[in-house]
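A structural walkthrough
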Amino acid sequence: MRFGIYPGGRAAAVCSHPPDRAAIDALVRALAADVPFVVREYVHFLGDPTPPGVAASLGAQDEFDHLTMPDDWYLAGQRELDLVVSYLPRTADLPGWLRFLDAVIDRYGHMARCLQVTLEGNLPVPLIDGSAPGVLEALSSGIPHARAALDARGHHDTRIGFSVAEPPEWLGGDDAFWAHLSTLAPRDFAAHVDYVGLALYPDAFSPVAPRGTPGDVASLTTHALGHLRNRSLPQAHIPPGTPIHVVEGGSPSGAPRTPRDQCDSLKDMLGAVLRAEKTLNIAQYELFSLRDADSSSGEPTGTLGIVTDTYRAKPAFDLYRTIVHDQAAGWRTAGATVCDR
């Protein structure tokens, strides 16, 4: 399994400090073993005209100039860029979206190992693609369009996928999303999908059961992975051979939680992912995120980092580093006492 992380320190519109590139470089080097390590980044299609202030609030105003780090950083060592192209216009705009995909591929296609087309189109909440008009058409047309555009530019090895949020029963379900994909002929959609991403935050936004009981982080993780593989993906004609990537996995450390709670939660989540790796064909796990968006925030999205917004390591940093290094060495578990440090 490949591992990775989002390094940018932003969660939607929350970002307390600009990125410190030297700190990011040192921390990512410390995390990555001598194996491929995935770095996740985002660019945003906001439509034309872009609403005043929206691009700035999302940190999207300079995305075609640079990502979090300089271009050559993503190509150094064994780093692999996983680039998300998010669809967030105020009105449906399929032609503009397809032109935007072309522009992103022209700019970053040579750097990207994975290109994710739309972000969580099954989740209709603000600043997530599932809330945007026309997102289903953007996804179903965007996947084959991106594949053709990448191939035309010689980027045949770049993998194409899309992501969904974990089973959103608390929002009434996502049956309409999968029903739409079920109507698409496999040759027009599923045949172009190289992986399906899952965003996994089991204890971030609602209470969970105590560790070791039904409804805890481990069991919710197992449910989400099984739900996607066994219920949702067959509806979209996506076969078992298409891998799942956990493209965002995270747990907050802010009150009423503690950094120790975050560490325990991530350990349980990653343990469940690793146990399901072979049976559910899970090929990748990317942590969200390296740095807190705002360590003083009372919102869960503010404290998802494994370091603070001033780059001070939490216990979860050592946990993730241990897991990445142990997996690279062929072991299957992290040290039991890591979260106590």
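Residues numbered from 1 in each chain as written. Predicted model: local features only at pLDDT ≥ 70, side-chain atom pairs only at ≥ 80, totals over all residues. Heavy atoms only, no water.

**A word on the overall build of the chain**
- Assigned secondary structure in the chain consists of nine helices and eight strands.
- Relative to the globule expectation of 20 Å for 341 residues, the C-alpha radius of gyration of the chain, 19 Å, shows essentially globular dimensions.
- Here the C-alpha coordinates of the chain stretch approximately 50 × 40 × 35 Å along the principal axes.
- Relative to its full complement of 341 residues, the chain shows a buried share of 56%.
- Pairs at least 24 residues apart make up 76% of the contacts formed inside the chain by residues separated by at least 6 positions.
- Counting every atom, the chain has about 13,700 Å² of accessible surface; 56% of that belongs to carbon and sulfur. (Helix = DSSP H or I, 4+ residues; strand = E, 2+ residues; numbered from the N terminus. Rg over C-alpha atoms; globule rule 2.2 N^0.38 Å. Buried < 20%, exposed > 50% of the residue type's maximum accessible area, 1.4 Å probe, protein only. Contact = heavy atoms within 4.5 Å. Areas by Shrake-Rupley, 256 points an atom, 1.4 Å probe, with all protein chains shown as cover.)

**Quick look at the nonpolar core**
- Counting 82 residues, the largest nonpolar core has Trp97, Phe162, Tyr285, Leu290, Ile306 and Tyr320 as the members making the most contacts within it.
- Tyr6, Ala11, Leu119 and Leu123 belong to the second largest nonpolar core, which has 14 residues in total. (Core = buried A, V, L, I, M, F, W, Y, C linked by side-chain atoms within 4.5 Å.)

**Focus on the pattern of salt bridges**
- Under the defined criterion, the tally for this structure stands at 16 salt bridges.
- Between aspartate 82 and arginine 40 there is a salt bridge; the shortest N-O distance is 2.9 Å. Residue aspartate 82 is found in strand E3 (residues 79-87), and its partner arginine 40 is found in strand E2 (residues 37-45); the two are separated by 42 residues along the sequence. You'll find aspartate 82 and arginine 40 in the same group, each marked buried.
- In this structure, the salt-bridge partner of arginine 260 is aspartate 264, at a minimum N-O distance of 3.1 Å. On the criterion of helical spacing, the pair formed by arginine 260 and aspartate 264 is a turn pair, its members being four residues apart in helix H8 (residues 259-276). (Salt bridge = Lys/Arg side-chain N within 4 Å of Asp/Glu carboxyl O.)

**Let's talk about the environment of lysine 267**
- Looking at the secondary structure, you find lysine 267 in helix H8.
- Separated by 193 residues in the primary sequence, lysine 267 and tyrosine 74 have C-alpha atoms spaced 27 Å apart.

**Concerning empty space enclosed by the protein**
- Evaluation of the coordinates by the stated rule reveals one cavity of 30 Å³ or more.
- Approximately 50 Å³ is the volume attributed to the largest cavity.
- What lines the largest cavity is Asn122, Val164, Ala165, Glu166, Pro167, Asp174, Trp178, Leu198, Ala224, His227, Leu228 and Ser232.
- Looking at the lining of the largest cavity, the elements with two or more residues in it are strand E5 (159-165) and helix H7 (217-235).
- Top contributing element to the lining of the largest cavity by residue count: H7, with four residues.
- Counted by class, the lining of the largest cavity contains seven nonpolar, three polar and two charged residues. (1 Å grid on protein atoms, 1.4 Å probe; cavity = no way out; pocket = protein on both sides within 12 Å on 5 of 7 lines; lining within 4 Å. Points joined across faces, edges and corners; volume = space filled by probe spheres on them. Nonpolar A, V, L, I, M, F, W, Y, C, P; charged D, E, K, R; others polar.)

**Notes on the confidence of the model for the chain**
- Per-residue confidence for the chain averages 94 on the pLDDT scale, and 96% of its residues sit at or above 70.
- Throughout residues 332-336 the model reports pLDDT below 50, and contacts reaching past four residues in sequence, or to other chains, amount to 14 contacts. (pLDDT = per-residue confidence, 0-100.)

**Notes on the side chain of aspartate 264**
- Looking at aspartate 264, the relative accessible area reads 11%, which means it is buried.
- Residues contacting aspartate 264, with those up to four places away along its chain left out, are Arg211 and Cys339.

**Side note on the layout of surface pockets**
- If you add up the space inside the largest pocket, you get close to 1,300 Å³.
- Contributing to the lining of the largest pocket are 47 residues, with Ala11, Ala12, Ile128, Glu248 and Phe288 lying nearest its centre.
- Looking at the lining of the largest pocket, the elements that each hand over two or more residues are E2 and H7.
- Split into classes, the residues belonging to the lining of the largest pocket amount to 28 nonpolar, 11 polar and eight charged.

**Remarks on the environment of leucine 220**
- Along the chain, the position of leucine 220 falls in helix H7.
- For leucine 220, a relative accessible area of 31% translates into the label partly exposed.
- Filtering out sequence-adjacent residues up to four positions away, leucine 220 remains in contact with Pro202, Val208 and Gly215.

**Describing helix H4 (residues 94-108)**
- Between its first and last C-alpha atoms H4 spans 21 Å; for 15 residues at 1.5 Å apiece the expected length is 21 Å, and the two agree.
- Gly96, Trp97, Leu98, Phe100, Leu101, Val104, Ile105 and Tyr108 are the residues of H4 that are buried.
- Turning to H4, the residues buried within the fold contact E2, helix H3 (71-74), E3, strand E4 (112-117) and helix H5 (135-152).
- Between the side-chain oxygen at the start of H4 and the backbone nitrogen of glycine 96 there is a gap of 2.8 Å, and the oxygen is on aspartate 93. (Expected span 1.5 Å × (residues − 1). Polar contact = N/O pair within 3.5 Å; in protein donor to acceptor, adjacent residues only side chain to side chain.)

**Overview of H5**
- Between its first and last C-alpha atoms H5 spans 25 Å; for 18 residues at 1.5 Å apiece the expected length is 26 Å, and the two agree.
- Of the residues making up H5, those classed as buried are Val135, Ala138, Leu139, Ser140, Gly142, Ile143, Ala146, Arg147, Ala149 and Leu150.
- After H5 finishes, the residue glycine 154 shows a positive phi value of roughly 85°.

**Notes on the side chain of glutamate 41**
- Position of glutamate 41 among the secondary structure elements: in strand E2.
- No salt bridge is formed by the buried glutamate 41; the nearest opposite charge belongs to arginine 21, separated by 8.7 Å.
- Polar contacts involving the side chain of glutamate 41 include one to the side chain of threonine 68, which spans 3.0 Å.
- Every residue in contact with glutamate 41, bar those within four places of it in the chain, is listed here: Tyr6, Pro7, Leu67, Thr68, Tyr74, Leu81, Asp82, Leu83 and Val84. (Lys, Arg positive; Asp, Glu negative; His and termini not counted.)

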